[in-house]
Amino acid sequence: MTEDDYISDLRARWPHDDASDASLETIAVADEAVRAFPLSARLWEMRGCLIQLGPESLPHPLEESLRSFQRAVEIDPQFADAWDEIGHYYDVVLDDEKTAQEYFDKAKSLRHDHVA
């Protein structure tokens, strides 16, 4: 599969409402995708989101989602979506609004710079 194939496959498997969790199978596909394309910021970001959306009985601890988002911004420091996801992690999981806002501001700045 190509990187785009993995992205399309994961989007097709994505939970479509708040009541559904990401399946363990979907998370396994995300793991496979980042092994196949370790320099894909988009796949790392998607993996992090799926881990957060996964069931309680995950093969990964929740902190692994943060590591996935951090890997995405290491690969592509201009990737605003991943900065936003780091902000959401700090806000919702760690209840650290001050730190979260720094990441949200970074994402907003990148989006503004991209449009300008």
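What you see is a predicted model; the values in this text were computed from it and never measured.

Enquirer: What's the story with the overall build of the chain in this structure? I'm lost.
Expert: For the chain, the count of helices and strands is six helices and zero strands. In sequence order, the secondary structure elements of the chain are arranged as α-α-α-α-α-α. Its C-alpha atoms give the chain a radius of gyration of 14 Å, near enough to 13 Å, the size a compact globule of 116 residues would have. Dimensions of the chain, computed from the C-alpha atoms along their principal axes, are close to 35 × 30 × 25 Å. A burial count over the chain gives 41% of its 116 residues as buried.

Enquirer: Any chance you could explain the nonpolar core here in plain terms?
Expert: Most often, soluble globular proteins keep nonpolar side chains buried together rather than apart. Counting 32 residues, the largest nonpolar core has Leu 10, Ile 27, Leu 43, Leu 50, Ala 72, Trp 83 and Ile 86 as the members making the most contacts within it. Counting residues per element, this core draws most heavily on helix α3 (residues 41–53), at seven residues. With sequence-adjacent residues up to four places away left out, Leu 50 is seen in contact with Leu 10, Trp 14, Pro 15, Ala 22, Thr 26, Ile 27 and Ala 30.

Enquirer: Which parts of the structure should I look at to understand α3?
Expert: Here α3 is 13 residues long and its end C-alpha atoms lie 18 Å apart, about the 18 Å a rise of 1.5 Å per residue gives. For α3, a buried count of ten out of 13 residues is recorded, marking the element as mostly surrounded by other parts of the structure. Three or more residues of α3 are buried, namely Ala 41, Leu 43, Trp 44, Glu 45, Met 46, Arg 47, Gly 48, Cys 49, Leu 50 and Ile 51. The secondary structure elements touched by the buried residues of α3 are α1 (3–13), α2 (24–36), α4 (63–75) and α5 (80–93).

Enquirer: Explain the packing of aromatic side chains here, please?
Expert: Each aromatic ring pair is summarised here by two numbers: the centre-to-centre distance and the angle between the ring planes. Scanning the entire structure with this criterion turns up three aromatic pairs. Ring geometry for Trp 83 against Tyr 103: centres 5.9 Å apart, planes inclined by 20°, an arrangement best described as stacked. Taken as a pair, Trp 83 in helix α5 and Tyr 103 in helix α6 (residues 97–115) lie far apart in primary sequence, 20 residues in all. Aromatic pair Tyr 90 and Tyr 103: ring centres 5.3 Å apart, planes at 20°, arrangement stacked.

Enquirer: Sorry, what's going on with α2 here?
Expert: For α2, which comprises 13 residues, the first-to-last C-alpha distance of 18 Å matches the rise-based estimate of 18 Å (1.5 Å per residue) to within 8%. When α2 is considered as a whole, its buried residues turn out to be Thr 26, Ile 27, Val 29, Ala 30, Asp 31, Ala 33 and Val 34.

Enquirer: It is not clear to me how unusual backbone geometry should be interpreted in this structure. Could you clarify?
Expert: Note: most peptide bonds trans; most residues except glycine with negative phi. The phi dihedral of Asp 95 falls on the positive side, at around 50°, and the residue is not glycine. Along the chain, Asp 95 turns up in the loop between α5 and α6.

Enquirer: Hey, could you run me through a nonpolar patch on the surface in this one?
Expert: Among the surface-exposed residues, Leu 62, Val 92, Val 93 and Leu 94 lie close enough to one another that they form a single nonpolar patch of about 320 Å² accessible area. Of note, Leu 62 is situated in the loop between α3 and α4.

Enquirer: Looking at this model, I keep getting lost on the side chain of Glu 64. Mind explaining?
Expert: Checked against the element boundaries, Glu 64 lands in helix α4. Side-chain polar atoms of Glu 64 contact the side chain of Arg 67, separated by 2.9 Å. In contact with Glu 64, not counting residues within four places along its chain, are Arg 47 and Ile 51.

Criteria and cut-off values
Residues numbered from 1 in each chain as written. Predicted model: local features only at pLDDT ≥ 70, side-chain atom pairs only at ≥ 80, totals over all residues. Heavy atoms only, no water. Helix = DSSP H or I, 4+ residues; strand = E, 2+ residues; numbered from the N terminus. Rg over C-alpha atoms; globule rule 2.2 N^0.38 Å. Buried < 20%, exposed > 50% of the residue type's maximum accessible area, 1.4 Å probe, protein only. Core = buried A, V, L, I, M, F, W, Y, C linked by side-chain atoms within 4.5 Å. Contact = heavy atoms within 4.5 Å. Expected span 1.5 Å × (residues − 1). Phe/Tyr/Trp six-rings, centres within 6.5 Å; stacked < 30°, edge-to-face > 60°. Patch = residues over 30% accessible without salt bridge, like charges linked within 9 Å, V, L, I, M, F, W, Y side chains within 5 Å. Areas by Shrake-Rupley, 256 points an atom, 1.4 Å probe, with all protein chains shown as cover. Salt bridge = Lys/Arg side-chain N within 4 Å of Asp/Glu carboxyl O. Polar contact = N/O pair within 3.5 Å; in protein donor to acceptor, adjacent residues only side chain to side chain.

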